[in-house]
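# Structure at a glance
Single-letter residue listing:
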Amino acid sequence: MWGRDEEEEQKEATWEEYSVLFRDFYRHMTFSEYDRPENNVVFLHEHEFPENLKKSVNGSESEPFSTIISNYTIHTHKAEVKMPSGNVDKPSIEDNRDGTVSIKYDPREEGIHELAVKYNGEHVQGSPFKFHVDSITSGYVTAYGPGLVHGVSGEPCNFTISTKGAGAGGLSLAVEGPSKADITYHDNKDGTVSVSYLPTAPGEYKISVRFGDKNIKGSPFFAKITGEGRKRNQISVGSCSEVTLPGTITDADLRALNASIQAPSGLEEPCFLKRLPTGNIGISFTPRETGEHTVSVKRMGKHITNSPFKVNVCEREVGDAKKVVVTGNGLKEGKTHVENYFAVDTRNAGFGGLSLSIEGPSKAEIQCNDKDDGTLNISYKPTEPGFYIVNLKFADHHVTGSPFTVKVTGEGSNRQREKIQRQRDAVPITEVGSQCKLTFKMPGITSFDLTSTVTSPSNVTEDAMIQEVEDGLYSVHFVPKELGVHTVSVRYKDMHIPGSPFQFTVGPLRDSGSHLVKAGGAGLERGEVGIPSEFNVWTREAGGGALAISVEGPSKAEIEFKDRKDGSCDVSYVVSEPGEYRVGLKFNDRHIPDSPYKVYISPAMGEAHKLEVAQFPQGNIQADIPAQFIVRKNGAKGELDAKILAPSNQSDDCFIQLIDQDTYSVRFYPRENGIHAIHCKFNGVHIPGSPFRIKVGKDVADPAAVHASGNGLQEVKTGVKTDLIIDTCNAGAGSLAVTIDGPSKVSMDCTEVDEGYKVRYTPLLPGDYYMSIKYNNMHIVGSPFKITCTGDKLAEEGAQETSSVIVDTVPKFSKGNKAHVPLMPVFRSDATKVQSKGMGLKKAYLGKQNQFTINATDAGNNILFVGIYGPKGPCEEVYIKHTGRNTYTVNYVVRERGDYIAIIKWGDDHIPGSPYKVEV
């Protein structure tokens, strides 16, 4: 009988998080978060024996266990095997020349063996490893495989049971450990059974295999399961060679120039132009090989005077990782919650980038003190005990001794994690002319302040209809007229809601994957103890797959999930303790963009819920002009605090004045254009509605108007410089941030062109790269873009790398040439259904605001034309305001007496009653 002690339960999701701290050649620091498969410290491969080693036992084939070679790939150089007799044997060690070594051992005795793997006298994680060796012709039931020795929580652990030549008998299996392990098996019909179990917590697991009510040889087996979700932190420090260019270049020229350097091997990379302390212009690059290099400096695609330049690189300038000296106890042992130090000396190693990654049970905070003389003091502070892997690379190669295994001891942080996983089905293909729907949940607002537009692939923008499905749940409806990727913008009070602008594909999906999943909502920004924190997840564009949601923090979260069956879903979670939480969203085992999210959960609102805001500024306010609003305490006792956060993430205090015992005046002073957030807290807790979003300035950067195109978004090759154009025409001025995550760091630059900005980069390793393009901290449509790179490996493989560039843009406008003439929309409207009313259509008064309204809700989409013509010509002032859903308010002022006519057209046609006769 095949049995199991416990019932099955649904598999839980697992997720990992990695973050990068990157210092580029200009020595400023940026951050990026990305996902990467875990590198296990130790893993085991069972090699199948050759056919000629098989023998027939009792009429069947038996596994020759005494000749099986177990291959352990580890990060160390010391290993020994303790045999059942007590004797110690030395396995053979081979250097794989990729930062790992292989240990191979040919067993000589039957029974339980122990493999001890040590680094600097300390066992690596999981050591010693136990394995059982049986004879070739024992005729007994045997078991083998890595799942009997070790594994990673949240990942299947596999092994095989062989019953060949064992005769008749019942087989049973039990797994005991810190968590319930879901067990599955498969009869291979050849006398063997494949077994898999899924542990969900780290620790030691006992695997009992019984045949005929007796333990088989070696049973029970003990497997050491390491922690799930290993975290990685990484820092990179760039050192580069600088060469002065001949001639004089002004600052204006410098912004319009771009430069690239070509090595003797043909490798071409972008390099940096900057003004040196001497006042001259220099190029900055990392030498990768010796010989004569060619530097090209161009303006608008043409070489400047004296370009290209020749630069000779000698051998001592090329980075050599073997010459880097590393010292300090921080690479031998560490403590939790304290800084662990080590020093790096690159003074004799030439020019090259230094990158450090630390992977382990927690994300260790890294601090780097660069002394600007080729030496650095580095410290890291882990929060969980266990074994950490430290990778230290210089000029894309490991330094001597890297990767280092560090044993960290001390108390953990006792953070708790809850996770769920749900299968997401691909939605049916949308056809031209069909009803399309995009759903989102946004509690606590009114539908009157919501507007939506849809831009087609041919750049035709039309209004979309928004319906309130139920309280707080809204849906955008539109009918597409062409195939391709549409842009759906949803705004609340003229500001994009979280997640907007959305990509919506009509016809077959052109791509799929986690990078196309979007998430947004208050629950990914802030929350309150005991109150559900809600957010939306849109997976429509990503196709089918598994969506994993995890919440980690000071207390366990209760997670609720609701599928809307249209490619979107609602998620809410409730926690019982305040503090910082991390919400992770993974699709098909890869983090979606910007995941994991850091969310601060505040204490219960208490007295803060009594406060209310009045006279909050409506519409656009201007930068560098103070504005204010009122906060009423309504009897609450405590102190009010307020700050304003600008789009550039600059924070400034608001001026708070107590008008009377129950009313505050909050005055703020915005200093830049864009969407600002005003955080109002009472006794340290957000008041209802806080943070308040407000638009400053009229020309606010619009990510929905930014588009990217070019070869740099298609398939690229290693060592080949490629580029793309980011079109910011008519998108306003803002902050453009481009980030590339991938197998290698890329040299990247960004220069201004007529239609926007050109980004150039050169990848060094094949694989998938992800390019994020954000405008004022919001992804443009299609971002992040997945870019596949092929070609030879031009650098040493290691941790995922991040490269980024940030540019403050200037307003760009389309020129009148054919390439930029917008296509006129194809309007479908009926002017006879437009209604107008108001005293301003009959009688007007001198020098005063005269008003009437126009309602075209049922008249389709078109352009409204309004003209007021008097005895001496057109009216001096006519003001039209779109109030939503094709309704308009018209105000005008007249300066002369007489009879006027008011002309109102919906497109090319007069509306009923037009032209109107107006008496002044």
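Under the definition given, this model contains 22 salt bridges. Among the salt bridges present, the one from E525 reaches R526, with a minimum N-O distance of 3.0 Å. With a relative accessible area of 25%, R526 lands in the partly exposed category. Salt-bridge contacts for D653 lead to K643; the nearest nitrogen and oxygen are separated by 2.5 Å. On the criterion of sequence distance, the pair formed by D653 in strand β61 (residues 651–653) and K643 in strand β60 (residues 640–645) is long-range, its members being ten residues apart. Taken together, the salt bridges that share partners define one network made up of R415, R417 and E552.

Along strand β25 (residues 257–262), five of the six residues are buried, which leaves the element largely enclosed by surrounding structure. Where β25 lies against strand β28 (residues 291–299), six bridges are found, and the strand directions are antiparallel. Across the sheet, residue A259 finds its bridge partner in β28, namely V297.

Here the bond from S219 into P220 is cis, since omega is 0 degrees, no more than 30 degrees from zero. Turning to its location among the elements, P220 is positioned in the loop between β21 (214–215) and β22 (221–226). A cis amide bond links S595 with the next residue in sequence, P596, at an omega value of 0 degrees. With respect to the helices and strands, the residue P596 is situated in the loop between β56 (590–591) and β57 (597–602).

A few words on the environment of I420. Assignment of secondary structure puts I420 in strand β40 (residues 416–424). For the pair I420 and I559, spaced 139 residues apart in sequence, the C-alpha separation works out to 7.6 Å.

A separate point is the sheet that holds strand β16 (residues 157–162). What links the strands of a sheet is backbone hydrogen bonding, and the strands pair in either a parallel or an antiparallel sense. What the four strands build is an open sheet, ordered β14-β16-β19-β18; its pairing is antiparallel. The open sheet terminates on both sides in strands that have one partner only, identified here as β14 (142–144) and β18 (182–187). Adjacent strand axes in the sheet meet at a mean angle of 25 degrees, parallel and antiparallel pairs treated alike. Sheet analysis places β14 next to β16, joined by three bridges and oriented antiparallel. Considered in β16, the bridge of A143 is made with I161.

On to the environment of A677. For A677, the position within the fold is in strand β64 (residues 674–682). On the basis of relative accessible area, A677 is assigned to the buried category, the value being 16%. For A677 and I644, which are 33 residues apart along the polypeptide, the C-alpha to C-alpha distance reads 5.7 Å. Those residues in contact with A677 that sit more than four places away from it in its chain are K643, I644, L645, P691 and F692.

Conventions we followed
- Residues numbered from 1 in each chain as written.
- Predicted model: local features only at pLDDT ≥ 70, side-chain atom pairs only at ≥ 80, totals over all residues.
- Heavy atoms only, no water.
- Salt bridge = Lys/Arg side-chain N within 4 Å of Asp/Glu carboxyl O.
- Buried < 20%, exposed > 50% of the residue type's maximum accessible area, 1.4 Å probe, protein only.
- Helix = DSSP H or I, 4+ residues; strand = E, 2+ residues; numbered from the N terminus.
- Pairing = 2+ DSSP bridges.
- Axes fitted to C-alpha atoms, helices over the stretch in contact; angles between N-to-C directions.
- Contact = heavy atoms within 4.5 Å.

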